[in-house]
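# Inside the fold
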Amino acid sequence: YNSVIKFFDSQKEADWGNDSAFRSIKRSMQGLLTSPQGGSVYSTLSQLGFETQRDGTVSLNSSVLNSALTDDYEAVIALFAGNGTSEGISSKFADYLDRMTDSNDGIYAIRKEGTDSNIRRIDLRITSLESRLEQKESTLRQQFTAMEQLVSGLNAQGGYLMQQLSSMPSLGGQ
C-alpha cells in the first residue's frame, strides 16, 4: 500500500500525474483503507493499529496489532480475509486494483484508447490541412507564374517604348 501511495506522489510532476482518474485511484484506495468493513468484531484497520500518516502512507502500531491478535485472532483474520458472508479488506484491495489495472477495461486501457482516438483525429486533421496547404501552394504558384509573365510582358513593352522614344527626334529641338 505504501509503495503505491509513494508512486502516486512521485508522479505529481508528470502530465498524467494530475489526471483526475489517476488521482481517484489513490482516493479510492485510501477510502478502502479507512472505510468500516462488516462481518468482524474489528471493522477498521485503525482498530488493529494501522495509522494513516500525513503523507498518506500507513504505519503500524505493533503493540495494538499484537493485542488484537491475542484477544481475537479469528476476528483479525476475518477483517483481512473475510468470513464467508462478507469480503475481507485484502480481497477488496486486490479486486479494485485488478479492475484498475485490467489490460482491457483498466484505467490505462481506457486512457490509451482515448489517446489513440485523439491521435487518429489529429492525424486526419493534419492530412486535411496538408491537402489544403498543397492546394493553396498550387494556386499561389499559378498566380505567381501569371504575375511573372505579366511583369515580363510589361518590361518588354517598356523596353520597346523606351527604344521608340529614344529614336524619335526631341521635341522643341531640331
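Above this text is the structure in question.
Note that this is a predicted model, so its numbers are computed, not measured.

### Focus on the packing of aromatic side chains
The tally for this structure, following the rule as stated, stands at 3 aromatic pairs. Taking the centre distance of 5.9 Å and the plane angle of 80° together, the rings of Tyr1 and Phe93 count as edge-to-face. Linking Tyr1 in the segment before α1 (2–10) with Phe93 in helix α5 (residues 89–101), this pair joins segments that are 92 residues apart in sequence. Classification of Tyr1 as partly exposed rests on a relative accessible area of 27%.

### Focus on the side chain of Thr57
If you trace the backbone, Thr57 turns up in the loop between β1 (50–52) and β2 (58–60). Only 2.5 Å separates the side chain of Thr57 from the side chain of Asp55, close enough to count as a polar contact. Sequence-distant contacts of Thr57, defined by excluding residues within four places in its chain, comprise Asn2, Ile5, Lys6, Glu51 and Thr52.

### Here we look at the nonpolar core
One finds Met29, Tyr42, Leu45, Leu48 and Phe93 to be the most contacted residues of the largest nonpolar core, which totals 18 residues. When contributions to this core are tallied by element, the ones reaching two or more residues are α2 (20–34), α3 (62–71), α4 (73–81) and α5. By residue number, the principal contributor to this core is α2, which donates 5 residues. Beyond its immediate chain neighbours, meaning those up to four positions away, Leu45 contacts Leu33, Phe50, Leu79, Phe80 and Ile89.

### Considering the packing of α2 against α5
Two elements in contact, α2 and α5, have axes whose closest approach is 10 Å; the angle formed by their N-to-C orientations is 170°. Taken together, the axis directions place α2 and α5 in an arrangement best described as roughly antiparallel. Packed against α2, whose contacting residues are Ser24, Ile25, Ser28, Met29, Leu32 and Leu33, the element α5 presents Ile89, Lys92, Phe93, Tyr96, Leu97 and Met100 at the interface. Residues that form the contact of α2 with α5 fall into these classes: 9 nonpolar, 2 polar and 1 charged.

The rules behind each value
- By convention here, each chain's residues receive numbers from 1 onward along its written sequence.
- Totals for whole chains, interfaces and linings use all residues, but because this is a predicted model, local features are given only for residues with pLDDT of at least 70 and pairs of side-chain atoms are given and counted only at 80 or more.
- Hydrogens and water are ignored here; the side-chain numbers use all heavy atoms of the structure.
- The criterion for an aromatic pair is that two Phe, Tyr or Trp rings (for Trp, the six-membered ring) have centres within 6.5 Å, with stacked assigned to planes under 30 degrees apart, edge-to-face to planes over 60 apart and tilted to the rest.
- By definition, any uninterrupted DSSP run of H or I lasting at least four residues is a helix, any uninterrupted run of E lasting at least two residues is a strand, and each is numbered from the N terminus.
- Only protein chains enter the accessibility calculation, which uses a 1.4 Å probe. A residue is then buried if its area is under 20% of the maximum for its type, exposed if over 50%, and partly exposed in between.
- Within 3.5 Å is the distance limit for a polar contact, defined as a pair of N or O atoms, with the added protein rule that one can donate a hydrogen and the other accept it, and that residues adjacent in sequence qualify only through two side-chain atoms.
- Every residue pair with non-hydrogen atoms within 4.5 Å of one another is taken to be in contact.
- For our purposes a nonpolar core is just a set of buried Ala, Val, Leu, Ile, Met, Phe, Trp, Tyr and Cys residues, chained together by side-chain atoms within 4.5 Å.
- With axes taken as lines fitted to C-alpha atoms, and helix axes fitted only over the stretch in contact, angles between N-to-C directions fall between 0 and 180 degrees.
- We call two directions roughly parallel when the angle between them is under 35 degrees, roughly antiparallel when it is over 145, roughly perpendicular when it lies between 65 and 115, and oblique otherwise.
- In this classification, Asp, Glu, Lys and Arg are treated as charged, Ala, Val, Leu, Ile, Met, Phe, Trp, Tyr, Cys and Pro as nonpolar, and every other residue, Gly included, as polar.

The analysis is restricted to geometry; functional conclusions fall outside its scope.
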